[in-house]
There are 2 protein chains.
Amino acid sequence: MSADAARPGPGRCVIFTARCQGDPAAAYDDPREDDLILCADGGYTIAHRAGAAPAAVIGDFDSAPPPGEGTVIRHPVVKNDTDTMLCVKYAWERGRRSFLIIGGLGGRLDHTLANLQTLLYIAERGGRAVLSDGRTRLQMLKNQTVTLPRTEGKLSVFAFGGRCEGVSVRGTKYEVEDIALTPDFPLGMGNDFAAGHAEISVRRGALLVVCELEKE
Amino acid sequence: MSADAARPGPGRCVIFTARCQGDPAAAYDDPREDDLILCADGGYTIAHRAGAAPAAVIGDFDSAPPPGEGTVIRHPVVKNDTDTMLCVKYAWERGRRSFLIIGGLGGRLDHTLANLQTLLYIAERGGRAVLSDGRTRLQMLKNQTVTLPRTEGKLSVFAFGGRCEGVSVRGTKYEVEDIALTPDFPLGMGNDFAAGHAEISVRRGALLVVCELEKE
């Protein structure tokens, strides 16, 4: 299965969210006609940088004013969902199961962690959960196999949210076959691509794949 | 129990590691005579900025040369442990159970995640696991209660590595009592201190507390 083969539902949801360290246009390098484009709060400035026109901008707008045009869905500041989670739920209710979140790394750690947990939220429910800020690309795998194209940067895998069984990593400098990973030991950190692509799989559990797009 | 009341073992281990966004001297603002000071690889430059003299510098020195003076413990580049984990194990074998890691945030996400998993490694084994870079302070709680002094920044809690039961957060704008948290929903994100201190507890599971020291 290639990285892009899994396209369940009626098309992808692309969510632009705040704090994009790299180039958002590089993160959104394969626009598709049926993409549902949403922005989480101030993420619309990131969408603008990527030349993407959002179907809706969703948030509480506690730190940035809403955009002057387009559809704005305003939520109260006091709520259980982050603005990015609001976008995920909005798209999920409309049948979208494949998600590309753009941005969301490199600012406050709590924002980053909330975005990682949002990837798990999607993966736990059978959706495809990818996040990229044009510098780092993440994918949350749940009982799944994925093939990633080679980059010059580091490739790491982490047990996320619990123990992982049956983890295999192939096409890399350090290969492993059918091992267990636990969230209290970063054994899968700092690998390198050795071939044109890497194949990563996890038989049981949620595995976070962290791929640096360029060499540090 | 205050944040600093739990001092098991013969004293603390302070580990300086690379990538300190804030002021390392602010992160190491209460030096104690019996601190075992270690540096993970290039972290000795951070120790130097904090005015701390390491007992040993431990690492593979694949990206930075070892310091010209003091005790250097060199490991091969190909190994299962990160340099920070090597420091933790070195100190653990010498009886240290309370850890303050300084730095380790804000660079590559895989480094940050490896450091969070290292905090869980310590907490799972009954140790005290704190990380600070002078801007953000983390503590991994395992079946534990902690009291944190007020800061002007955000206070967040995340289920880390599995489900948390019996989570209570008091002395904050949004208080919760005896709830469950899961790693796939960032319910505990973005709280504010309301009193002079906050009390956070988790009855079962590992809870990552993320405290921003200053308002963003």
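Every value quoted in this text rests on a predicted model; they were computed, and no experiment measured them. Along each chain, residues carry numbers from 1 onward, in the same order as the chain's sequence is written. Note on labels: chains are lettered from A, ligands numbered from 1, in written order. Given that this is a predicted model, residues contribute local features only at a pLDDT of at least 70 and side-chain atom pairs are listed and counted only at 80 or more, while totals for whole chains, interfaces and linings are drawn from all residues. Values shown for side chains rest on all heavy atoms present in the structure; no hydrogens or waters enter the calculation.

The next thing to look at is the relation of the copies chain B and chain A. Residues reaching a pLDDT of at least 70 in both copies supply the C-alpha atoms on which the copies are superposed by least squares. Turning chain B through 180° and shifting it by 0.0 Å along the axis lays it on chain A, with an RMSD of 0.0 Å. These values place the two chain copies in the arrangement generated by a two-fold rotation axis. Judged by C-alpha distance, B:Gly161 is the residue of chain B that lies nearest the rotation axis, at 2.1 Å. Comparing interface residues between copies, 100% of those in chain B also lie at the interface in chain A; the contact surface is shared. In what follows, a contact means two residues having at least one pair of non-hydrogen atoms within 4.5 Å.

Let's shift gears to the interface of chain B and chain A. Taken together, the contact between chain B and chain A spans 43 residues of the former and 43 residues of the latter. Both sides together, the interface formed by chain B and chain A hides about 3,500 Å², and carbon and sulfur atoms give 65% of it. Only one rule defines a salt bridge in this text: a Lys or Arg side-chain nitrogen within 4 Å of an Asp or Glu carboxyl oxygen. Summed over the shared surface of chain B and chain A, the number is 6 salt bridges. Two residues, A:Arg19 and B:Glu216, come together in a salt bridge whose shortest N-O distance is 3.0 Å. Contacts described as polar in this section are N or O atom pairs within 3.5 Å, which, within protein, must combine one atom able to donate a hydrogen with one able to accept it, while residues neighboring in sequence count only if both atoms come from side chains. Summed over the shared surface of chain B and chain A, the number is 11 residue pairs in polar contact (both at pLDDT 80 or more). Breaking the side of chain B that touches chain A down by element, the ones donating at least two residues are α3 (83-93), α4 (109-124), β8 (154-159) and β12 (197-212) of chain B. Here's the idea: put two parts together, see how much 1.4 Å probe accessible area each one loses, and the total over both is what we call buried area. For the purposes of this entry, the term helix denotes a DSSP run of H or I that reaches at least four residues, the term strand denotes a run of E that reaches at least two, and both are numbered from the N terminus.

As a further point, take the pattern of salt bridges. This model, assessed by the stated rule, comprises 36 salt bridges over all chains. The salt bridge involving B:Asp83 is made with B:Lys79; its shortest N-O contact spans 3.5 Å. Look at the salt bridges and you will find they share partners, linking A:Arg12, A:Asp30, A:Arg32 and A:Asp35 into a network.

Looking now at the side chain of B:Asp81. With respect to the helices and strands, B:Asp81 occurs in the loop between β4 (72-74) and α3. A polar contact is formed between the side chain of B:Asp81 and the side chain of B:Lys89, at a distance of 2.7 Å. Discounting residues that sit within four places of it in the chain, B:Asp81 has contacts with A:Phe185, B:Leu86 and B:Lys89.

As a further point, take the environment of B:Ala18. Residues and elements named next belong to chain B. Within the fold, alanine 18 resides in the loop between β1 (12-16) and α1 (24-27). As a C-alpha pair, alanine 18 and cysteine 39 span 21 residues in sequence and 8.8 Å in three-dimensional space. Leaving out residues up to four positions away in the same chain, alanine 18 has contacts with Gly43, Ile46, Gly103 and Gly104.

For the rest of this paragraph, the subject is the packing of α3(B) against α4(B). Residue and element names in this part refer to chain B. Running from N to C, α3 and α4 point in directions that differ by 15°, and their axes come no closer than 10 Å. Comparing the axis directions of α3 and α4 gives the class roughly parallel. As for the relative orientation of α3 and α4, their crossing is right-handed in sense. Contacts between α3 and α4 involve Thr84, Met85, Val88, Lys89 and Trp92 from the first element and Asn115, Thr118, Tyr121 and Ile122 from the second. Class assignment of the residues belonging to the contact of α3 with α4 gives a composition of 5 nonpolar, 3 polar and 1 charged. Only C-alpha atoms enter the line fits that serve as axes; for helices the fit covers just the stretch in contact. Angles between N-to-C directions range over 0 to 180 degrees. Roughly parallel means an angle under 35 degrees; roughly antiparallel, over 145; roughly perpendicular, 65 to 115; everything else is oblique. Should the near helix be turned anticlockwise from the far one by less than a right angle, the crossing is termed left-handed; should it be turned clockwise, right-handed. Residues are grouped as follows: Ala, Val, Leu, Ile, Met, Phe, Trp, Tyr, Cys and Pro are nonpolar; Asp, Glu, Lys and Arg are charged; every other residue, Gly included, is polar.

Residue and element names in this part refer to chain A. For aspartate 41, the position within the fold is in the loop between β2 (36-40) and α2 (44-50). An unpaired buried charge is present at aspartate 41: no salt bridge exists, and lysine 79, the closest side chain of opposite charge, is 6.7 Å distant. Reaching out from aspartate 41, the side chain makes a polar contact with the backbone nitrogen of phenylalanine 61 at a distance of 2.6 Å. For every residue, the accessible area (1.4 Å probe, protein chains only) is compared with the maximum for its type, and the residue is labelled buried under 20%, exposed over 50%, or partly exposed between those bounds. Positive residues here are Lys and Arg, negative ones are Asp and Glu, while His and the chain termini are left out of the count.

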